[in-house]
Amino acid sequence: TTDKAVPTSITIPTTVEIEAGAFMGLTNLTTVKIVVVNATDGTPDKRAEIGAMAFFGCNNITTYIEDANLTSYQCGATDGDFDAVKSLMGLPADLTRSAS
């Protein structure tokens, strides 16, 4: 992609694995939403698979919405350790999260 200024919002279902650095440098990205969806066996997939520094350089993210049923991340961080999640995913340090 040559125009990294296009997307402003991204919704990530838990059944999709996001590679490390996937959204790096998307300067207009302001909103990230992670939603729990059912896996192929019909059970809710409650774990987000988001690689290291996936959002590095996305300094304009001001809204982070996380499905209330999400329990953990690929990196092993859990719901109660959002500071670790922000650091590993490259999210802005002052970002807070909202439950959907």
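Residues numbered from 1 in each chain as written. Predicted model: local features only at pLDDT ≥ 70, side-chain atom pairs only at ≥ 80, totals over all residues. Heavy atoms only, no water.

## Here we look at the overall build of the protein
Here comes step 1: When helices and strands are counted, the protein shows 1 helix and 9 strands.
Here comes step 2: Listing each helix as α and each strand as β along the protein from the N terminus yields β-β-β-β-β-β-β-β-α-β.
Here comes step 3: A total of 100 residues make up the protein; the buried ones form 35% of that total.
Here comes step 4: Of the contacts formed within the protein by residues at least 6 apart in sequence, a portion of 60% connects residues at least 24 apart. (Helix = DSSP H or I, 4+ residues; strand = E, 2+ residues; numbered from the N terminus. Buried < 20%, exposed > 50% of the residue type's maximum accessible area, 1.4 Å probe, protein only. Contact = heavy atoms within 4.5 Å.)

## Topic: the packing of aromatic side chains
Here comes step 1: All chains considered together, the criterion is met by 2 aromatic pairs.
Here comes step 2: For the pair F23 and F55, a centre-to-centre distance of 5.2 Å together with 20 degrees between the ring planes defines the contact as stacked. Linking F23 in the loop between β2 (17–18) and β3 (31–35) with F55 in the loop between β6 (47–50) and β7 (63–66), this pair joins segments that are 32 residues apart in sequence. In this pair, the class of F23 matches that of F55, namely buried.
Here comes step 3: Where Y64 meets F82, the ring centres are 5.1 Å apart and the plane angle is 45 degrees; that geometry is what we call tilted. Remark: F82 occurs in helix α1 (residues 82–89) and Y64 occurs in strand β7; sequence separation between them is 18 residues. This pair shows no difference in class: Y64 is buried, exactly as F82 is. (Phe/Tyr/Trp six-rings, centres within 6.5 Å; stacked < 30°, edge-to-face > 60°.)

## Regarding the sheet that holds strand β8 (residues 72–73)
Here comes step 1: An order of β2-β6-β8 is seen for the 3 strands of this open sheet, with the pairing classed as parallel. Bordering the open sheet on either side are β2 and β8, each of which pairs with just one other strand.
Here comes step 2: As defined by bridge partners, β2 adjoins β6 across 2 bridges and the pair is classed as parallel. Note that in β6 the partner of E17 across the bridge is E49. (Pairing = 2+ DSSP bridges.)

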